[in-house]
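Inside the fold
Here are the chains, one letter per residue:
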Amino acid sequence: FGSLAFLYTTDPGLKTVVEEISSCTIDSALLAVGQIYYDHYIRACTFPKPTGGRIPTPSNHASRPSFDKLADMIKANLVEAPQSHADATNNALIRNGYRCVVTGKYDAHSVKENRDLEEVVDLDPNARMSPTECAHIFVESTNSSIEPDSNKAFHYVASMWGVMARFGHEKLLTELNGSDIHRLENVMTVVPEFHTRFDELSVWFKEEDKYKLEGAWLHDLRDYPEYVTFTTTDPVQIPVPSPTYLAIHATCAKVAHLSGAAECIDKLYRDMDDGKTLDPNGASAGTLEHAIFELQASGYELTI
């Protein structure tokens, strides 16, 4: 938790962290505040994992028609107001030139559907293809429509955005509410391996003249370039990922690893996957609490 004071170097984030730490006169109070930021700050950029592993990324590739011309495919697929993961996937692919923004690999499904793209790949001996996925910076499950009478996790979502507001990010609630979570500023096309590492907070983007890829472990970065540049042909209609969103994700990732929270999260997920029954002596309490929280964060209502 104290890592936030080190990473947040500007107001109001730094002021908030200092005030929170200073107000805690006993260890239990400090732990309680730390739990709030663990639950509602770090988890905002962490993909919930149900038992059995990471949720597969939805795909609508099977229903796409084939196109001879790339321009025709762009016109058919570009969605002005994306409402779903499929819409976000289409828009991100269009903006990113049907390539992973990190590796530069072409989306294999798009190449097979478009003769223009296929010709580009065939003529370039260095071109590579791969399945790709649409990665959200703020993950979808953190923000279904925030209505108190909806059947979603209103309390969790409201708490999460409340914490973000304390760090000076009041506009996020408006920008990412409901289907706006799929806006282009919050998504990017990446290969599956990078998507997993990004969602697990193992890698992040540090803004410099370009974006520098950083990670918790050196081996997580070996397959990727040192720097990444986001580009677009139309900054107004198809904007690049938001520097603010990427900076928040980077802070969440750094705090998670500096504080040991990332290792704690990984262990809880492993325990959820491995455990079939609860320990009668109460040793499974932490795992059960984590599993219940994941369900709430994913929009499930729980009745006791």
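Fair warning: this is a prediction, and the values are worked out from it, not measured in the lab. (Residues numbered from 1 in each chain as written. Predicted model: local features only at pLDDT ≥ 70, side-chain atom pairs only at ≥ 80, totals over all residues. Heavy atoms only, no water.)

This next bit is on the overall build of the protein. Each helix and strand counted, the protein has 13 helices and seven strands in total. By residue count, 45% of the 304 residues in the protein fall in the buried class. Roughly 15,800 Å² of accessible area belongs to the protein as shown, and the carbon and sulfur atoms make up 54% of that amount. (Helix = DSSP H or I, 4+ residues; strand = E, 2+ residues; numbered from the N terminus. Buried < 20%, exposed > 50% of the residue type's maximum accessible area, 1.4 Å probe, protein only. Areas by Shrake-Rupley, 256 points an atom, 1.4 Å probe, with all protein chains shown as cover.)

Under the criterion given, the structure shown has four salt bridges. A salt bridge links Glu-185 to Arg-183; the nearest nitrogen and oxygen atoms lie 3.0 Å apart. Among the residues examined, Arg-183 registers a relative accessible area of 26% and is labelled partly exposed. A salt bridge links Asp-220 to Arg-197; its shortest N-O distance comes to 3.5 Å. With Asp-220 in the loop between strand 6 (211-215) and strand 7 (227-228) and Arg-197 in helix 10 (residues 192-199), this residue pair connects regions lying 23 residues apart in the sequence. The residues Asp-220 and Arg-197 share a single accessibility class, namely buried. (Salt bridge = Lys/Arg side-chain N within 4 Å of Asp/Glu carboxyl O.)

Now for the sheet that holds strand 7. Spatial ordering of the open sheet is given by 5-6-7, a layout of three strands whose pairing is antiparallel. Two strands bound the open sheet, and with one partner strand each, they are strand 5 (203-207) and strand 7. Where strand 6 meets strand 7, two bridges bridge the pair, whose relative direction is antiparallel. When the bridges of strand 7 are listed, Tyr-211 appears paired with Val-228. Contacts from helix 10 reach strand 5 and strand 6, with the element oriented near 80° to strand 5. (Pairing = 2+ DSSP bridges. Contact = heavy atoms within 4.5 Å. Axes fitted to C-alpha atoms, helices over the stretch in contact; angles between N-to-C directions.)

A separate point is the pairing of strand 5. As paired elements, strand 5 and strand 6 share five bridges and run antiparallel to each other. Directly across from Lys-206, in strand 6, lies its bridge partner Lys-212. A loop of three residues connects strand 5 with strand 6, the two strands running antiparallel in sequence.

Looking now at the nonpolar core. In this structure, Val-102, Met-188, Phe-194 and Phe-205 are the most contacted members of the largest nonpolar core, which totals 27 residues. When contributions to this core are tallied by element, the ones reaching two or more residues are strand 4 (187-190), helix 10, strand 5, strand 6 and helix 11 (243-259). For this core, the leading source of residues is helix 11, giving four residues. Setting aside residues up to four positions removed in sequence, Phe-205 forms contacts with Val-102, Met-188, Phe-194, Phe-198, Tyr-211, Lys-212, Leu-213, Val-228, Phe-230, Leu-246 and Ala-250. Counting eight residues, the second largest nonpolar core, distinct from the first, contains Ile-94, Tyr-106, Val-111 and Val-121. (Core = buried A, V, L, I, M, F, W, Y, C linked by side-chain atoms within 4.5 Å.)

Moving on: unusual backbone geometry. Despite not being glycine, Tyr-98 has its phi angle at roughly 60°, a positive value. Assignment of secondary structure puts Tyr-98 in the loop between helix 5 (85-95) and strand 1 (106-107). On the basis of relative accessibility, which here comes to 3%, the residue Tyr-98 falls in the buried class. For Leu-201, which is not a glycine, the phi torsion comes out positive at approximately 65°. Within the secondary structure, Leu-201 sits in the loop between helix 10 and strand 5.

Within this structure, the stated rule accounts for eight aromatic pairs. Relative to Tyr-245, the ring of Phe-138 lies with its centre 5.7 Å away and its plane at 85°, an arrangement referred to as edge-to-face. Here Phe-138 is found in the loop between strand 3 (133-136) and helix 8 (154-166), whereas its partner Tyr-245 is found in helix 11, with 107 residues between them in sequence. Like Phe-138, the residue Tyr-245 is buried in the burial classification. Ring centres of Phe-194 and Phe-198 lie 6.1 Å apart, and the angle between their planes is 20°; on these two criteria the pair is classed as stacked. With Phe-194 and Phe-198 both in helix 10 and four residues apart, the pair spans about one turn of that helix. (Phe/Tyr/Trp six-rings, centres within 6.5 Å; stacked < 30°, edge-to-face > 60°.)

Taken over all residues, the pLDDT of the protein has a mean of 75, while the share at 70 or more is 56%. Note on residues 49-63: pLDDT is under 50 here. Beyond four places in sequence and across chains, it has 29 contacts. (pLDDT = per-residue confidence, 0-100.)

On to helix 10. Burial in helix 10 covers these residues: Phe-194, His-195, Arg-197, Phe-198 and Asp-199. Of the residues one or two after helix 10, Leu-201 is the one with positive phi, at around 65°.

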